[in-house]
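What the coordinates show
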Amino acid sequence: MAKAPPLFTIGYEQVSSNAVLDTLSNAGIGLLVDVRAVAASRRAGFSKTALAAGVASRDIGYLHLRGLGTPADGRHAARTGHYDDMRRIYEAHLATPTAQEQLEELTQLVKSGQPICLLCFERHPEHCHRMIIAELICERVGVDVEHLAADPI
């Protein structure tokens, strides 16, 4: 039996939307899961509608799981370099019913074997809540995590 694909992650800090789309296509991603609380961006191509259209043009699905996004105080902690605070805030957020429901939804999607990539802003996964999500899902499903990085601008 073939080994399940890893759960991929990617951040779009300091990269263009085309670079992200190329990276996703080259990795064979079937579904991009946006785990931002607010799927809006001042960066061209990264707001929800534009991003969904961009991945659709590459035959990649798009799903926004807003409930897995970082609360405002956690985003502030990350922006100011307080990653331990961000992690603490985010782990508390994960106990909410909405986050638990969406974690289960993501778990089932990953179990399906489709190549999935989590997207958020931070270029470095160790500074982003998507790493926490990936660790939880990988533990539940028994897959590896692989962090993708598009070429910087």
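As the structure is a prediction and not an experimental result, all values here were calculated from the model. (Residues numbered from 1 in each chain as written. Predicted model: local features only at pLDDT ≥ 70, side-chain atom pairs only at ≥ 80, totals over all residues. Heavy atoms only, no water.)

Below, the discussion takes up the sheet that holds strand S5 (residues 145-148). Within a sheet, neighbouring strands are paired by backbone hydrogen bonds and run either parallel or antiparallel to one another. Within the open sheet, the five strands sit side by side as S3-S2-S4-S1-S5. Their pairing is parallel. Strand pairing shows two members of the sheet lacking a second neighbour, strand S3 (61-64) and S5, which therefore form its edges. Between one strand axis and the next, the sheet turns by 25° as a mean value, whatever way the strands run. Note that strand S2 (residues 31-34) and S3 share four bridges and pair parallel. Paired with Asp 34 across the bridge in S3 is His 64. Across the face of the sheet, helix H2 (residues 48-56) comes into contact with S2, S3 and strand S4 (116-120) while running at roughly 155° to S3. Contacts from helix H5 (residues 97-111) reach strand S1 (7-11), S2, S3 and S4 within the one sheet, and its direction differs from that of S4 by about 140°. (Pairing = 2+ DSSP bridges. Helix = DSSP H or I, 4+ residues; strand = E, 2+ residues; numbered from the N terminus. Axes fitted to C-alpha atoms, helices over the stretch in contact; angles between N-to-C directions. Contact = heavy atoms within 4.5 Å.)

With that settled, consider the packing of helix H4 (residues 83-93) against helix H6 (residues 129-141). For the pair H4 and H6, interaxial distance at closest approach is 10 Å and the crossing angle is 50°. Viewed along their axes, H4 and H6 adopt a mutual orientation that is oblique. In this structure, H4 crosses over H6, and the sense of that crossing is right-handed. Where H4 abuts H6, its residues Met 86, Arg 87, Tyr 90 and Glu 91 lie against His 129, Ile 132, Ile 133 and Glu 135. By residue class, the composition of the contact of H4 with H6 is four nonpolar, one polar and three charged. (Parallel < 35°, antiparallel > 145°, perpendicular 65-115°, else oblique. Left-handed = near helix turned anticlockwise from the far one by under 90°. Nonpolar A, V, L, I, M, F, W, Y, C, P; charged D, E, K, R; others polar.)

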